[in-house]
Amino acid sequence: MSARTWQGPSAQDRLALLRRTRSIAIVGASNNPARASYFVTTYLLSSSPYRLFLVNPRETEILGQPVYPSLADLPETPDLVDVFRRHDDLPGVLDDTLAVGAKALWLQLGSWHEDVARRGEAAGLTVVMDRCVKVEHARFHGGLHLAGFDTGVISSRRALG
């Protein structure tokens, strides 16, 4: 693996992205509760305002939600495409994201592809890599410790604004 040279959006920019997002397509959504995409989908359905579109050509329903075979099959253009796919699949997901006109591409924890990030940005996308939408949403909304778990602490401190 080569050195990481690409710089992603700052915390404030990620917060702004999540605030302007109204819909998220989860590419690589899974019906397996042991998969990260299932956990993220569960969280977003229960704890976020986003309209979710699940994408997986091998599923028809996950958590009671319809599943679409591809981004091109969605009933509307998602604002953000959240990707749970293998490294080698990422250039194709970028092409699909650009083809449907989404504004942001988010690669989950452990997912890093500098060429995809540079091509996406050159085409006008906001690109986030190696971060979890669930973790970032919870962190910005006061429900998560920096280490990634719910502290159960209620505070009067203002959330990032």
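Residues numbered from 1 in each chain as written. Predicted model: local features only at pLDDT ≥ 70, side-chain atom pairs only at ≥ 80, totals over all residues. Heavy atoms only, no water.

> In this structure, what is going on with the overall build of the protein chain? I would like to understand it.
For the protein chain, the helix and strand inventory stands at five helices and seven strands. Shown N-terminal to C-terminal, the secondary structure of the protein chain runs as helices and strands in the order α-β-α-β-β-β-β-α-β-α-β-α. In the protein chain, buried positions account for 43% of the 161 residues. For the protein chain, the share of sequence-separated contacts (at least 6 apart) that also reach a separation of at least 24 residues comes to 59%. (Helix = DSSP H or I, 4+ residues; strand = E, 2+ residues; numbered from the N terminus. Buried < 20%, exposed > 50% of the residue type's maximum accessible area, 1.4 Å probe, protein only. Contact = heavy atoms within 4.5 Å.)

> Even after reading the chapter, I still don't get the environment of Gly-120, so can you show me in this structure?
On the secondary structure map, Gly-120 appears in helix α4 (residues 114-122). Sequence-wise, Gly-120 and Lys-103 are 17 residues apart; in three dimensions their C-alpha atoms are separated by 9.6 Å. In contact with Gly-120, other than residues within four places in its own chain, are Leu-94, Leu-125 and Val-127.

> Could you clarify how one ought to interpret the sheet that holds strand β7 (residues 126-128) in this entry?
Strand-to-strand pairing in sheets goes through backbone hydrogen bonds, with the strands running parallel or antiparallel. If you trace the seven strands from one edge of the open sheet to the other, you get β3-β4-β2-β1-β5-β6-β7, paired in mixed fashion. Strands with a single pairing partner mark the edges of an open sheet, and in this sheet they are β3 (61-62) and β7. Note: strand β1 (residues 23-27) against strand β2 (residues 51-55), five bridges, orientation parallel. Bridge pairing in β2 places Ala-25 opposite Phe-53. (Pairing = 2+ DSSP bridges.)

> Would you mind going over the nonpolar core with me for this structure?
Across soluble globular proteins, nonpolar side chains show a tendency to be buried alongside one another. Core analysis: the biggest nonpolar cluster contains 25 residues, and Ile-24, Ile-26, Leu-44 and Trp-106 have the highest contact counts within it. If we skip the residues at most four places from it in the chain, Ile-24 touches Leu-44, Tyr-50, Arg-51, Leu-52, Phe-53, Pro-78, Leu-80, Asp-82 and Val-133. By size, the runner-up hydrophobic cluster in this structure holds 22 residues, among which are Val-27, Leu-74, Val-81 and Leu-94. (Core = buried A, V, L, I, M, F, W, Y, C linked by side-chain atoms within 4.5 Å.)

> So what exactly am I meant to see when it comes to the packing of helix α3 (residues 90-100) against α4 here?
In a packed pair of helices, the relevant descriptors are the angle between the two axes and the axis-to-axis distance. Between α3 and α4, the shortest axis-to-axis distance is 9 Å and the interhelical angle comes to 15°. Between α3 and α4, the crossing angle belongs to the class labelled roughly parallel. Relative to α4, the crossing made by α3 is right-handed. On α4, the residues that touch Leu-90, Pro-91, Leu-94 and Asp-95 of α3 are Val-116, Arg-119 and Gly-120. When the residues that make up the contact of α3 with α4 are grouped by side-chain class, the tally is four nonpolar, one polar and two charged. (Axes fitted to C-alpha atoms, helices over the stretch in contact; angles between N-to-C directions. Parallel < 35°, antiparallel > 145°, perpendicular 65-115°, else oblique. Left-handed = near helix turned anticlockwise from the far one by under 90°. Nonpolar A, V, L, I, M, F, W, Y, C, P; charged D, E, K, R; others polar.)

> Would you mind going over α4 with me for this structure?
Residues spaced three or four apart along an α-helix face the same direction, because each turn holds 3.6 residues. Among the residues of α4, those classed as buried are Glu-114, Val-116, Ala-117 and Gly-120. Projection of α4 onto a plane perpendicular to its axis shows the buried side chains occupying an angular sector of 160°, all on one side. Looking at the packing, one finds that the buried side of α4 touches α3, β6 (104-107) and β7. A positive backbone phi angle near 100° is found at Gly-124, which sits one or two residues after α4. (Arc of directions from axis to C-beta.)

In short, the description is geometric, and any link to function would need to be established separately.
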